[in-house]
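# Residue-level structure breakdown
Okay, here's what each chain looks like letter by letter:
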Amino acid sequence: MSLFRDDGIVLRTQKLGEADRIITLLTRRHGRVRAVARGVRRTKSKFGARLEPFSHVDVQFFVRGGELVGRGLPLCTQSETIAPYGGAIVADYECYTAGTAMLETAERFTDHEGEPAVQQYLLLVGALRTLAAGDHDPRLVLDAFLLRSLAVNGYAPSFDDCAKCGMTGPNRFFSVGAGGVVCGECRVPGSVVPSREALELLGALLGGDWETADACEPRHCREGSGLVAAYLQWHLERGLRSLRFVEK
């Protein structure tokens, strides 16, 4: 029997029996972990209130054996709140839908339980903190998170130099299959020609230039969001269910 302690973000919860839940978390040291939290659905349970989606928590796990992720689900025996991001996020519909898409993205990029994904974890913590603070448009925060998640998982798109031959940009054409913008010589069937402003916005979001991103016009933001969604779907091989609820 072993005890493990880690901090993580609650990605989702599932009902189990009459009073229990299965909690899915993205943790700092153990990657994605599923654990059983007993009695958390009872109305008097303070423990359960800490284990809601968007919560940043310090969690203790009890497991039979020497590894946290094994044949059976560990028990979540203790939880302390680090940051209650959920309160601010669920109070605003745009923030809530953007945040839900972030949680789903983080889960999709951490397919294998128990494998550390520190960069993805830190990206998610930072994105939820920014979303809860309300300093930027939720759609921009979401697109920045999606682009950086793609980048840390090896799918960074190019928005300036040609993704195929490296020709110095700016380049006009954009292809999700080619990895971003391409030059005229490398153009492939199905390429689109987005506005320069939309490409500059996406480059700013990927690089963390919020001054440029916040100044972008709404129509270019919508155009950029469409490119991000298409690029993400291509690499995940299927779209995010939660993206359909994000207001365009």
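Right, let's walk through the structure included here. (Residues numbered from 1 in each chain as written. Predicted model: local features only at pLDDT ≥ 70, side-chain atom pairs only at ≥ 80, totals over all residues. Heavy atoms only, no water.)

### Quick look at the nonpolar core
Quick reminder of the rule: The criterion is simple. A nonpolar core is a set of buried Ala, Val, Leu, Ile, Met, Phe, Trp, Tyr and Cys residues joined through side-chain atoms within 4.5 Å. Only protein chains enter the calculation, and the probe is 1.4 Å; a residue is then buried if its accessible area is under 20% of its type maximum, exposed if over 50%, and partly exposed in between. For helices the rule is a DSSP run of H or I covering at least 4 residues; for strands it is a run of E covering at least 2, with both sets numbered from the N terminus onward. Annotation comment: domain bounds sourced from an automatic or database domain assignment. Any two residues whose heavy atoms approach within 4.5 Å are treated as being in contact.
By size, the foremost hydrophobic cluster in this structure holds 48 residues, and its most contacted members are Met102, Leu124 and Leu128. Going through the elements one at a time, β1 (2-16), α2 (85-90), α3 (93-108), α4 (118-133), α5 (138-152), α6 (196-207) and α8 (218-236) are the ones with two or more residues in this core. Looking at this core element by element, the count peaks at eight residues for α5. The two domains that each donate at least three residues to this core are domain 1 (2-88) and domain 2 (136-245). Discounting residues that sit within four places of it in the chain, Met102 has contacts with Leu124, Ala127, Leu128, Leu131, Val141, Leu142 and Phe145. One finds Phe4, Ile23, Ala37 and Phe61 within the second-largest nonpolar core, a separate group that totals 15 residues.

### A short note on the packing of α6 against α8
Spelled out, the test is: Inter-axis angles, ranging from 0 to 180 degrees, are taken between N-to-C directions of lines fitted to C-alpha atoms, where helices are fitted over the stretch in contact. To sort the angles, those under 35 degrees are grouped as roughly parallel, those over 145 as roughly antiparallel, those from 65 to 115 as roughly perpendicular, and the leftovers as oblique. In this scheme, a crossing is called left-handed if the near helix is turned counterclockwise away from the far one by less than a right angle; it is called right-handed if the turn is clockwise. Each residue is assigned to one class: nonpolar for Ala, Val, Leu, Ile, Met, Phe, Trp, Tyr, Cys and Pro, charged for Asp, Glu, Lys and Arg, and polar for all the others, Gly among them.
For the pair α6 and α8, interaxial distance at closest approach is 9 Å and the crossing angle is 65 degrees. Between α6 and α8, the angle is such that the two are roughly perpendicular. Our pair here, α6 against α8, has a crossing hand that is right-handed. Between α6, through Glu197, Ala198, Leu199, Leu201 and Leu202, and α8, the contact on the second element is made entirely by His220, Cys221, Glu223, Gly224, Leu227 and Val228. For the contact of α6 with α8, the per-class residue count stands at seven nonpolar, two polar and two charged.

### Considerations on the state of the cysteines
What is meant by a disulfide is a covalent connection between two cysteines, made through their sulfur atoms. What counts is decided by this rule: For this text, the term disulfide refers to a pair of cysteine sulfurs within 2.5 Å.
With the rule as written, the count across this model stands at zero disulfides. We note that Cys165 lacks a disulfide partner, and the nearest cysteine sulfur, in Cys162, lies 3.6 Å from it. For Cys165, a relative accessible area of 48% translates into the label partly exposed.

### A few points about the packing of α4 against α5
Where α4 meets α5, the closest approach of the two axes is 10 Å, and the angle between their N-to-C directions is 175 degrees. For the element pair α4 / α5, the angle class is roughly antiparallel. Residue-level contacts link Gln119, Gln120, Leu123, Leu124, Ala127, Thr130 and Leu131 of α4 to Pro138, Val141, Phe145, Arg148, Ser149 and Val152 of α5. Classifying every residue of the contact of α4 with α5 by side-chain character gives eight nonpolar, four polar and one charged.

### Here we look at the pairing of strand β3 (residues 31-37)
The line we're drawing: Pairing between strands is defined by DSSP: at least two bridges between them are needed.
In terms of residue burial, β3 counts as a mostly covered element, since six of its seven residues are buried. Across seven bridges, strand β2 (residues 20-27) lies against β3 in antiparallel orientation. When the sheet's bridge partners are listed, Ile22 is paired in β3 with Val36. Hairpin geometry of β2 and β3 is characterised by an intervening segment of three residues between the two adjacent antiparallel strands.

### Side note on the pattern of salt bridges
Rule in force here: Salt bridge, as applied in this entry: a Lys or Arg side-chain nitrogen positioned within 4 Å of an Asp or Glu carboxyl oxygen.
The final tally for this structure, using the stated rule, is twelve salt bridges. Where Asp7 meets Arg28, a salt bridge forms, and the shortest distance between an N and an O atom there is 3.3 Å. Residue Asp7 is located in strand β1, and its partner Arg28 is located in the loop between β2 and β3; the two are separated by 21 residues in the primary sequence. Judged by relative accessible area, which is 12%, Asp7 ranks as buried. With relative accessibility at 32%, the residue Arg28 sits in the partly exposed group.

### Focus on the packing of aromatic side chains
Heads up, the rule is: For Phe, Tyr and Trp, rings pair up if their centres lie within 6.5 Å, where Trp contributes its six-membered ring, and each pair is then called stacked (planes under 30 degrees apart), edge-to-face (over 60) or tilted (otherwise).
Summed over all chains, the structure comprises three aromatic pairs. With a centroid separation of 6.3 Å and 5 degrees between ring planes, the pair formed by Phe159 and Phe174 is classed as stacked. One end of the pair, Phe159, is in the loop between α5 and β6 (173-175); the other, Phe174, is in strand β6, and 15 residues separate them in sequence. In this structure, Phe159 and Phe174 share a single accessibility class: buried. Pairwise contacts between aromatic rings join Phe159, Phe174 and Tyr231 into one cluster.

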